[in-house]
Amino acid sequence: MTDKIYKKDLAERLAEEFDLTQQDAIAQTDFIFEQMINYLQKGCNVTITNFGNFSLKERNQKDKEGINYINFKMAKKIKEQINK
């Protein structure tokens, strides 16, 4: 396994696991990320149970005022699995 996982890698696993075409798996992966972005743009937090919470935060620095970033707080279950 490499030290980086790309969207394409996730789509490949999705295709293998659920017997999908690569094109369908990429479309489904894109859809999930697009929906997360849409909700964040609307000011909603995105919570994925047993994974974590995504929220949009505004960075208030002199030269980067008003620039938003995504804050991620991982779920307790993920913390425990990562720290085994």
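Residues numbered from 1 in each chain as written. Predicted model: local features only at pLDDT ≥ 70, side-chain atom pairs only at ≥ 80, totals over all residues. Heavy atoms only, no water.

Draft legend 1. Molecular detail of the environment of Ala 11. Mapped onto the fold, Ala 11 is located in helix α1 (residues 7–18). A relative accessible area of 0% means that Ala 11 is categorised as buried. Residues Ala 11 and Thr 21, ten residues apart in the sequence, show an inter-C-alpha distance of 9.5 Å. Not counting chain neighbours up to four residues away, the residues in contact with Ala 11 comprise Gln 22, Ala 25, Ile 26 and Thr 29. (Helix = DSSP H or I, 4+ residues; strand = E, 2+ residues; numbered from the N terminus. Buried < 20%, exposed > 50% of the residue type's maximum accessible area, 1.4 Å probe, protein only. Contact = heavy atoms within 4.5 Å.)

Draft legend 2. Geometry of the pattern of salt bridges. Under the criterion given, the structure shown has four salt bridges. Glu 17 is the partner of Arg 13 in a salt bridge, and the nearest nitrogen-oxygen pair spans 3.6 Å. Highlighted residues: Arg 13 and Glu 17, both in helix α1, separated by four residues, approximately one helical turn. On the basis of relative accessible area, Arg 13 is assigned to the partly exposed category, the value being 48%. One continuous salt-bridge network, built from bridges that share partners, spans Arg 13, Glu 16 and Glu 17. (Salt bridge = Lys/Arg side-chain N within 4 Å of Asp/Glu carboxyl O.)

All quantities given are derived from atomic positions and should not be read as evidence of function.
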